[in-house]
Amino acid sequence: MEMTLHHLALGARDLEKTAAFYRDLLGLREVSRHHEPGGRLRSIWLDLGGPVLMIERTEEPVRRVQGVGAGPFLVALAVKPPDRVALERALALSGVPVEARTEHTVYLRDPEGNRVALSSYPLPGGRTN
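Here the structure is a predicted model, which means the values were calculated and not measured.

Chemist: Any chance you could break down the sheet that holds strand β3 (residues 41-47) for me, citing the residues and the numbers?
Modeler: Across the sheet, 4 strands lie side by side as β1-β4-β3-β2; this open sheet has mixed pairing. The open sheet has two free edges, formed respectively by β1 (7-12) and β2 (30-35), since each of these has just one partner strand. Across the sheet, the mean angle separating the axes of adjacent strands is 20 degrees when strand polarity is ignored.

Take a look at the structure:
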């Protein structure tokens with residue numbers, strides 16, 4: 001049996017602002033919006049190159065993770081090294097600070113405080129993204 005990632009869901013208090021971060025700054029394509037029966041926006045879905053990033057409305061308070069947290073603690077997006085440099089410039093112009101960096105990865109936060117990595121670290125089998 002072979003499995004792959006189907007979707008990743010992030011809770012967000014501000015759906016539009018969080019989706020704009022991933023869509024407008026990081027370049028993910030919006031694929032759909034879902035509303036509650038009364039018309040209120042419930043979620044915005046973005047393409048992760050097959051899997052979907054589902055940004056779902058929540059009223060829960062933000063949970064800020066430092067380092068390695070219990071359960072999911074990082075959204076790592078694969079990028080080519082030149083694209084990572086260009087994204088860093090765009091993020092800096094938008095006021096999004098880089099929290100940390102390694103040779104292959106930069107770490108930052110989305111508007112909800114979730115840790116995000118832009119990485120070109122080589123994966124098993126020689127894949128970089």
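So that's the structure; there's more coming.
Chemist: Provide a residue-level description of the nonpolar core, including the pertinent values.
Modeler: Core analysis: the largest hydrophobic core is formed by 23 residues, its most contacted members being F21, Y22, L26, I55, L108, V116 and L118. Elements supplying a minimum of two residues to this core: β1, α1 (15-25), β3, β4 (52-57), β5 (75-78), α2 (81-93), β7 (105-109) and β8 (115-119). Among the elements that make up this core, the one with the highest residue count is α1 (4 residues).

Chemist: Quick rundown of the sheet that holds β7? Include the residues and the values.
Modeler: Reading across from one edge, β5-β8-β7-β6 is the order of the 4 strands in this open sheet, with mixed pairing throughout. Of all the strands in the sheet, just β5 and β6 (100-101) have a single pairing partner and so form its edges. The sheet contact formed by β5 and β8 spans 4 bridges and is parallel. Looking at the pairing, A78 lines up with S119 of β8.

Chemist: Can you lay out the pairing of β8 for me, pointing to particular residues and giving the numbers?
Modeler: In terms of residue burial, β8 counts as a mostly covered element, since 5 of its 5 residues are buried. Where β7 meets β8, 5 bridges bridge the pair, whose relative direction is antiparallel. Looking at the pairing, L108 lines up with V116 of β8. In sequence, β7 turns back onto β8 through a hairpin of 5 residues, with G113 there showing a positive phi of about 90 degrees.

Chemist: Can you tell me about the pattern of salt bridges, naming the residues and giving the values?
Modeler: One pass over the full model with this rule turns up 11 salt bridges. Between R23 and E30 there is a salt bridge; the shortest N-O distance is 2.7 Å. According to the relative accessible area criterion, R23 is partly exposed, its value standing at 22%. A relative accessible area of 25% places E30 in the partly exposed class.

Chemist: Quick rundown of the side chain of R84? Include the residues and the values.
Modeler: Examined against the element boundaries, R84 turns out to sit in helix α2. Of the side chains with opposite charge, E88 comes closest to the buried, unpaired R84, at an N-O distance of 4.1 Å. Discounting chain neighbours no more than four positions away, the residues touching R84 are V79, E103, H104, T105, V106, L118 and S120.

Chemist: Lay out α1 in plain terms, naming residues and giving numbers.
Modeler: Of the residues making up α1, those classed as buried are L15, T18, A19, A20, F21 and Y22. At the N-terminal boundary of α1, the capping side chain belongs to D14, with an oxygen 3.4 Å from the backbone nitrogen of E16. In the segment just after α1, G27 is the residue with positive phi, at about 85 degrees.

Chemist: A description of the environment of A100 should follow, citing residues and the corresponding values.
Modeler: With respect to the element layout, A100 can be found in strand β6. A100 gets classed as partly exposed once you look at its relative accessible area, which sits at 35%. Separated by 17 residues in sequence, A100 and A117 place their C-alpha atoms 9.4 Å apart. Ignoring anything within four residues of it in the chain, the contact list for A100 reads T105, V106 and Y107.

Calculation notes
Residues numbered from 1 in each chain as written. Predicted model: local features only at pLDDT ≥ 70, side-chain atom pairs only at ≥ 80, totals over all residues. Heavy atoms only, no water. Pairing = 2+ DSSP bridges. Helix = DSSP H or I, 4+ residues; strand = E, 2+ residues; numbered from the N terminus. Axes fitted to C-alpha atoms, helices over the stretch in contact; angles between N-to-C directions. Core = buried A, V, L, I, M, F, W, Y, C linked by side-chain atoms within 4.5 Å. Buried < 20%, exposed > 50% of the residue type's maximum accessible area, 1.4 Å probe, protein only. Salt bridge = Lys/Arg side-chain N within 4 Å of Asp/Glu carboxyl O. Lys, Arg positive; Asp, Glu negative; His and termini not counted. Contact = heavy atoms within 4.5 Å. Polar contact = N/O pair within 3.5 Å; in protein donor to acceptor, adjacent residues only side chain to side chain.

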